[in-house]
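The residues making up each chain are set out below.
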There are 2 protein chains.
Amino acid sequence: MMPEPLHSYFESRCKMVDQALNHYLDSTRSQPEIIHEAMRYSIFAGGKRLRPVLVLAAAECCGAKPEIALPTAAAMELIHTYSLVHDDLPAMDDDDLRRGRPTNHKVYGEAIAILAGDALLTKAFELISKNAKIRGVSSKAVSDVVGQIAHGSGTFGMIGGQVVDIQMEGGKWQKRNGHTDILNYIHRHKTAALIRTSLQAGATLAGASPAQVAYFTAYGEKIGLAFQIADDILDIVADKRKLGKKGSDRANRKLTYPALYGLEESRRKAAALVEEAKGALKPFGKRAQILKQLANYIIERDH
Amino acid sequence: MMPEPLHSYFESRCKMVDQALNHYLDSTRSQPEIIHEAMRYSIFAGGKRLRPVLVLAAAECCGAKPEIALPTAAAMELIHTYSLVHDDLPAMDDDDLRRGRPTNHKVYGEAIAILAGDALLTKAFELISKNAKIRGVSSKAVSDVVGQIAHGSGTFGMIGGQVVDIQMEGGKWQKRNGHTDILNYIHRHKTAALIRTSLQAGATLAGASPAQVAYFTAYGEKIGLAFQIADDILDIVADKRKLGKKGSDRANRKLTYPALYGLEESRRKAAALVEEAKGALKPFGKRAQILKQLANYIIERDH
């Protein structure tokens, strides 16, 4: 369970994000219906909305209202979701289930799943550009955010991590040197990059200075890595049915923190990262309370 | 052959675009190497560079130097190329060859081809945001262009056309009513949307007024449709080896202009569209000379 006030905060911001997603995503009656249906299917499939809430929380930590960053917050969920839809494809991880429901390509077929992923990524940038129409947000901030998000989700960010992850599948990492470097590369890119980018984007839209944005970069980098370590631990210890997917990391002999360091040392590393993350937000004092609680929660959650 | 001065213009602008693409695309030595190699493989595979040249030509027609629009011009080629890489996938058109060379997934495998497409699309938006760093281009114009391009390449543009194209494959359109409507929908979206968007983007970056941008929208819509009709005609009549792909439209029983109207009527319709396109640029007088010649060339080319 989340402690208060984080619980109330997260609940209210998730609601804002869900309403925004419902508003921004085109109706399933818009032509061609099938693609809009496929996009909504994966967006409303029980995601935790962590990335969009981080966008809003960073903006608020910088003294702005959450509403000013809402289109970009929704965009981050679109990018996260597109990456899951493509990851699940037969040519990639070949997963039939995600969060207990059939994956996009199982329902709509591979061709539509590929296009739905493409469409979610494309729509994300349309939403970010919409953010320039919101009073109090400068066009300069928006074009900066487009660059940040494209960089964080591209080959030097999320996609780069995914590429190396695929290259190391089936235990191929066991034949390489530098396991720690490879593992850190994958986690920093595949997961942490998008989390870090969410925080940078929220702060930038709120008009934060480059120095302030850098604090969020440090915080995001560290909680992103902690989040992935916690995920790898959950993959092993959590109730499989609760997660709604099989403990597939072990089946694929994936390179993970628990595989390399064992459970206890992995937990210790995650906890140390969370402490560092909270330290990075010291300059914001009490305004960072929610983000500090969130950092703790990331390694304490059970799903 | 292209007439002068179009030939010289096209050659010099293609050179600018190729240099920009080479500069902006990350080196094949950047980690992870495989993804940057796969991206460059498809970008430097003999594309005509029509869309980026249209970006530059629209900017110049509005009195700007071509250099101010170069990052966005390169971005349009990235988006066009990503769409080809994904279209060629086994789950989509399942093509082994494009322009006489093995398709991306034949060389790098399906997983990397999917990610290379994703990465090209993502990089495109990074380049557009870079355009804000160029002197004389406002951040407002750049955030507008992000919106235009995302819309034109999304489900109400290029992706929408691709979805309906897939739905109608294998002769499925023969069982539907309204063949003309379906055909026009596919062409206007799958091909014309990106061509139209290239012109809008170039004009917008050059500081054109909304009324001026609308002239380019009309011109782009019409030459885009004419371009696709010409392509369908070429698929039937051109030397197969010259095109470097099989006349696959007929093999797939695709819905095309020649299939619906026959060759002669298709040629007549394309010619009428070209006349309308040229008419739309009347307000620009002599400054539109290149774009008018280009409209003629689109239906006269043999490849």
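Residues numbered from 1 in each chain as written. Chains lettered and ligands numbered in written order. Predicted model: local features only at pLDDT ≥ 70, side-chain atom pairs only at ≥ 80, totals over all residues.

Let's shift gears to the overall build of chain A. Secondary structure assignment for chain A yields 15 helices and two strands. Against the compact-globule benchmark of 19 Å for 303 residues, chain A has a radius of gyration of 18 Å, which places it among compact chains. Reported as C-alpha extents along the three principal axes, the dimensions of chain A are approximately 55 × 50 × 35 Å. Of all 303 residues assigned to chain A, the portion counted as buried reaches 54%. Looking at chain A alone, contacts between residues at least 24 apart form 72% of all its contacts between residues at least 6 apart. (Helix = DSSP H or I, 4+ residues; strand = E, 2+ residues; numbered from the N terminus. Rg over C-alpha atoms; globule rule 2.2 N^0.38 Å. Buried ≥ 20, exposed ≤ 12 C-beta atoms within 10 Å, placed from the backbone. Contact = placed C-beta atoms within 7 Å.)

On to the relation of the copies chain B and chain A. Each copy of the sequence occupies a distinct position, and chain B is placed on chain A by a rotation of 180 degrees and an axial shift of 0.0 Å, giving an RMSD of 0.0 Å. Those values place the two copies in the arrangement expected of a two-fold rotation axis. When the interface residues of chain B are mapped onto chain A, 100% of them are again interface residues, pointing to one common binding face. (Least-squares fit on C-alpha atoms with pLDDT ≥ 70 in both.)

It is worth spelling out the interface of chain B and chain A at this point. Quoted interface sizes are often the accessible area lost when the parts come together. Opposite the 41 residues of chain B that make contact, chain A presents 41 residues. Listed by contribution, the elements that provide at least two residues to the side of chain B that touches chain A are α2 (33–43), α6 (110–130), α7 (139–152) and α8 (158–167) of chain B. Tallying contributions element by element places α6(B) first for the side of chain B that touches chain A, with 14 residues. A breakdown of the residues in the side of chain B that touches chain A according to their chemical character gives 21 nonpolar, 13 polar and seven charged. (Nonpolar A, V, L, I, M, F, W, Y, C, P; charged D, E, K, R; others polar.)

One finds Ala59(A), Ala116(A), Ala226(A), Ala59(B), Ala116(B) and Ala226(B) to be the most contacted residues of the largest nonpolar core, which totals 195 residues. Apart from the residues lying within four places of it in its own chain, the contact partners of Ala116(A) are Ile35(A), Ala38(A), Met39(A), Ser42(A), Val85(A), Asn104(A) and Tyr108(A). (Core = buried A, V, L, I, M, F, W, Y, C linked by C-beta atoms within 7 Å.)

To continue, consider unusual backbone geometry. A cis amide bond links Glu4(A) with the next residue in sequence, Pro5(A), at an omega value of 0 degrees. Within the element layout of this structure, Pro5(A) appears in the segment before α1 (6–24). Here Arg99(A), not a glycine, exhibits a phi torsion of approximately 50 degrees, which is positive. By C-beta crowding, Arg99(A) is classed as partly exposed, having 15 other C-beta atoms within 10 Å. At Arg49(B), a position not held by glycine, the phi torsion is positive, near 60 degrees. Mapped onto the elements, Arg49(B) comes out in the loop between α2 and α3 (50–61). On the basis of neighbour count, Arg49(B) is assigned to the buried category, with 22 C-beta atoms found within 10 Å.

It is worth spelling out the environment of Pro102(B) at this point. All names here are of chain B. Summarising the element assignment, Pro-102 is placed in strand β2 (residues 101–102). Exposure remark for Pro-102: the 15 C-beta atoms within 10 Å place this residue in the partly exposed category. Residues Pro-102 and Ser-42, spaced 60 residues apart in sequence, show a C-alpha to C-alpha distance of 9.8 Å. Not counting the four nearest positions on each side in its chain, Pro-102 is found in contact with Asp-96, Leu-97 and Val-107.

To continue, consider the packing of helix α10 (residues 210–237) of chain A against helix α15 (residues 289–300) of chain A. All names here are of chain A. At a minimum axis separation of 8 Å, α10 and α15 run at an interaxial angle of 25 degrees. Taken together, the axes of α10 and α15 lie roughly parallel to each other. When the axes of α10 and α15 are compared, the crossing they make is left-handed. For the pair α10 and α15, contact is made by Tyr-219, Ile-223, Ala-226, Phe-227 and Ala-230 and by Leu-291, Ala-295, Ile-298 and Ile-299, respectively. Class assignment for the residues of the contact of α10 with α15 results in nine nonpolar, no polar and no charged. (Axes fitted to C-alpha atoms, helices over the stretch in contact; angles between N-to-C directions. Parallel < 35°, antiparallel > 145°, perpendicular 65-115°, else oblique. Left-handed = near helix turned anticlockwise from the far one by under 90°.)

For the rest of this paragraph, the subject is helix α2 (residues 33–43) of chain A. Among all positions in α2(A), only Ile35(A), His36(A), Ala38(A), Met39(A), Tyr41(A), Ser42(A) and Ile43(A) are buried. On its buried face, α2(A) is in contact with α1, α4 (70–87), α5 (104–108) and α6 (110–130) of chain A together with α8 of chain B.

Next up on the list: the packing of helix α8 (residues 158–167) of chain A against α6(B). Where α8(A) meets α6(B), the axes come as close as 10 Å, and the angle between the chain directions of the two elements is 170 degrees. What the angle tells us is that α8(A) and α6(B) run roughly antiparallel. Across from Ile159(A), Gln162(A), Val163(A) and Ile166(A) in α8(A), the residues of α6(B) making contact are Ala111(B), Leu115(B), Asp118(B), Ala119(B) and Thr122(B). A class-by-class count of the residues in the contact of α8(A) with α6(B) yields six nonpolar, two polar and one charged.

Residues and elements named next belong to chain B. In this fold, Gly-46 is placed in the loop between α2 and α3. Owing to 10 C-beta atoms within 10 Å, Gly-46 belongs among the exposed residues under this scheme. Considering only alpha carbons, one finds Gly-46 and Arg-101, 55 residues apart in sequence, at a separation of 9.5 Å.

Within the fold, Gln148(A) resides in helix α7 (residues 139–153). Beyond its immediate chain neighbours, meaning those up to four positions away, Gln148(A) contacts Thr197(A), Gln200(A), Ala201(A) and Thr204(A).

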